[in-house]
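Take a look at the letters that make up each chain.
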Amino acid sequence: MGQDGGVRRKSQNVPAQVERAFEELRRLGYHATCGEFHCPGCGMSHLENEGCTERYVFYTQEGAETLQRESTTELYWNGKGGEIFDVLHRHRLAPAWNGRKSGTMKIRWSMRH
């Protein structure tokens, strides 16, 4: 974990459709953050300290960089997979999910939407 405890300020370069999807997830009760954590382990440690391990969606700092560079990233999540998938799909983020109860999903965004 870095000197900052693995937490970073929210990325200033979050695509609007990603931010809108995460806002909707927050309204549904998810702890949803964009590029705030150094790594998945740092994210999970922070979520455990905050008591937010039941419903969360996040991507890491590296994921934020990949999203900017390649228009895709991996999300770490727990909660209702179908609900998360539907929100991401509704915001045209082309989610890919293996159908398991928790783990990861990939999203892809396009500036054309």
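Computed from a prediction, not measured in an experiment: that's the story for all the values here. (Residues numbered from 1 in each chain as written. Predicted model: local features only at pLDDT ≥ 70, side-chain atom pairs only at ≥ 80, totals over all residues. Heavy atoms only, no water.)

What follows covers the overall build of the protein. When helices and strands are tallied, the protein shows 4 helices and 4 strands. When the elements of the protein are put in sequence order from the N terminus, they spell out α-β-α-β-α-β-α-β. In the protein, which comprises 113 residues, the proportion classed as buried is 42%. A sequence separation of at least 24 residues applies to 56% of the contacts in the protein between residues at least 6 apart. When the accessible surface of the protein is split by element, carbon and sulfur atoms take 45% of a total near 6,500 Å². (Helix = DSSP H or I, 4+ residues; strand = E, 2+ residues; numbered from the N terminus. Buried < 20%, exposed > 50% of the residue type's maximum accessible area, 1.4 Å probe, protein only. Contact = heavy atoms within 4.5 Å. Areas by Shrake-Rupley, 256 points an atom, 1.4 Å probe, with all protein chains shown as cover.)

Our focus in this paragraph is the confidence of the model for the protein. Summary statistics for the protein give a mean pLDDT of 85 and a share of 87% for residues scoring 70 or more. By mean pLDDT, the top-scoring element of the protein is helix 4 (residues 81–90) (96), and the lowest-scoring one is strand 4 (residues 102–108) (89). For the stretch residues 1–11, pLDDT sits under 50, and the model shows 20 contacts to residues farther than four places along the chain or on other chains. (pLDDT = per-residue confidence, 0-100.)

The subject of this paragraph is the pattern of salt bridges. This structure, assessed with the given rule, holds 4 salt bridges. Here E19 makes a salt bridge to R26, at a shortest N to O gap of 3.0 Å. Residue class for E19 comes out buried when judged on its relative accessible area of 13%. A relative accessible area of 31% places R26 in the partly exposed class. (Salt bridge = Lys/Arg side-chain N within 4 Å of Asp/Glu carboxyl O.)

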